[in-house]
Amino acid sequence: MATAFSVPIEAFFLRVEADRSFFNYLNLTDVQALELATQRATGYLHEACAKILFEAPSGSDFSDYDDEAETFGFDLTKREIFLLASLMYEMYMSRDIAKIKCLSRDYTSKDLRVFDPSNARKTFLDLYASVCDQNQALLETYRDTDSSGQWKLIDFAGLDIDAEV
């Protein structure tokens, strides 16, 4: 069996459903807009898979996917779907870091009485840091547990304690 890309992509879409700019594009039909959103989400999916391969290589082989068939070569668990969607959301948010630089232009004191961009930047950066921290905890839990969700144990009896280093 194999899991289709659409499964984690749908979970990701549920996270960004309130962001109208992700799904609405100028001069595109709803079908075309959904296709474009799915293309963007597939890019985030690839990045999320790469991050899992770096951070938790002992789990499932997230390099085992087929871009043509848009499927993984294995069945994703619910935990893995949630982890992928969470990491995809982090990748999505990371794109807005570049936009923050655009907001850091010089404002006059008159501008700052009406709009203080530093609060918006700080709020976003705090939110992004929170998402990254949560994802790091998810990755550590994924790495340190087996497929049943039980913590992996070290077999101290099988270790050769007397071996010289």
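Residues numbered from 1 in each chain as written. Predicted model: local features only at pLDDT ≥ 70, side-chain atom pairs only at ≥ 80, totals over all residues. Heavy atoms only, no water.

> Explain the overall build of the protein here, please?
Within the protein, the secondary structure is distributed over 6 helices and 2 strands. By residue count, 28% of the 165 residues in the protein fall in the buried class. A sequence separation of at least 24 residues applies to 67% of the contacts in the protein between residues at least 6 apart. (Helix = DSSP H or I, 4+ residues; strand = E, 2+ residues; numbered from the N terminus. Buried < 20%, exposed > 50% of the residue type's maximum accessible area, 1.4 Å probe, protein only. Contact = heavy atoms within 4.5 Å.)

> What should I look at first to understand a negative patch on the surface in this one?
Side chains of D66, D67, E68 and E70 sit close together on the surface and give a patch of like negative charge. By secondary structure assignment, the location of D67 is in the loop between β1 (65-66) and β2 (71-72). (Patch = residues over 30% accessible without salt bridge, like charges linked within 9 Å, V, L, I, M, F, W, Y side chains within 5 Å. Areas by Shrake-Rupley, 256 points an atom, 1.4 Å probe, with all protein chains shown as cover. Salt bridge = Lys/Arg side-chain N within 4 Å of Asp/Glu carboxyl O. Lys, Arg positive; Asp, Glu negative; His and termini not counted. Charge placed at Lys NZ, Arg CZ, Asp CG, Glu CD.)

> It is not clear to me how the packing of aromatic side chains should be interpreted in this structure. Could you clarify?
Scanning all chains against the criterion turns up 19 aromatic pairs. When the ring of F5 is compared with that of Y65, the centres are 5.8 Å apart and the planes differ by 70°; the resulting orientation is edge-to-face. With a gap of 60 residues between them, F5 in the segment before α1 (6-15) and Y65 in strand β1 connect regions that are remote in the sequence. Residue F5 is classed as buried on the basis of its relative accessible area of 2%. (Phe/Tyr/Trp six-rings, centres within 6.5 Å; stacked < 30°, edge-to-face > 60°.)

> Explain the environment of F23 here, please?
With respect to the helices and strands, the residue F23 is situated in helix α2 (residues 20-23). For the pair F23 and A37, spaced 14 residues apart in sequence, the C-alpha to C-alpha distance is 6.0 Å. Here F23 is in contact with F13, V16, E17, A33 and A37, once residues within four sequence places are set aside.

> Teacher, can you tell me more about helix α3 (residues 30-55) here?
Every α-helix winds through 3.6 residues per turn, so residues three or four apart in the chain are directed the same way. With 26 residues, α3 should reach 38 Å at 1.5 Å per residue; the first-to-last C-alpha distance of 37 Å fits that figure. For α3, every residue scored as buried is listed here: A33, A37, A41, T42, Y44, L45, A48, C49 and I52. (Expected span 1.5 Å × (residues − 1).)

> Would you mind going over the environment of M91 with me for this structure?
The residue M91 is located in helix α4 (residues 78-102) in this model. On a C-alpha basis, the gap between M91 and G43 in space is 9.2 Å, while along the polypeptide they are 48 residues apart. Discounting chain neighbours no more than four positions away, the residues touching M91 are Y44, E47, A48 and K51.

> Could you clarify how one ought to interpret the packing of α1 against α3 in this entry?
Contact geometry for α1 and α3: axes closest at 10 Å, N-to-C directions at 105°. Taken together, α1 and α3 sit at an angle that is classed as roughly perpendicular. Contacts between α1 and α3 involve P8, I9, F12 and F13 from the first element and L34, A37, T38, A41, T42, Y44 and L45 from the second. (Axes fitted to C-alpha atoms, helices over the stretch in contact; angles between N-to-C directions. Parallel < 35°, antiparallel > 145°, perpendicular 65-115°, else oblique.)

> Is there a simple way to think about the side chain of E80 in this case?
Residue placement: E80 occurs in helix α4. Within the buried set, E80 has no salt-bridge partner at all; the shortest N-O distance to an opposite charge, 6.4 Å, is to R79. In contact with E80, not counting residues within four places along its chain, are S60, F62, F74, D75 and Y142.

> Sorry, what's going on with the environment of I100 here?
Inspection of the secondary structure puts I100 in helix α4. You can call I100 buried: its relative accessible area is 13%.

> Quick question: what am I supposed to make of unusual backbone geometry here?
One can expect most non-glycine residues to show negative phi and most peptide bonds to be in trans. Its identity is not glycine, yet N27 carries a phi of approximately 65°, on the positive side. Among the structural elements, N27 can be located in the loop between α2 and α3. Residue N27 is classed as exposed on the basis of its relative accessible area, which comes to 72%.

> Sorry, what's going on with the nonpolar core here?
Nonpolar side chains tend toward joint burial in soluble globular proteins. One finds F12, I52, F62, F72 and L84 to be the most contacted residues of the largest nonpolar core, which totals 34 residues. Of all the secondary structure elements, the ones that give two or more residues to this core are α1, α3, α4 and α6 (117-144). A total of 10 residues in this core trace back to one element, the largest contributor, which is α4. Those residues in contact with F72 that lie beyond four places of it in its chain are A2, T3, F5, P8, L45, C49, F62, D64, Y65 and L84. (Core = buried A, V, L, I, M, F, W, Y, C linked by side-chain atoms within 4.5 Å.)

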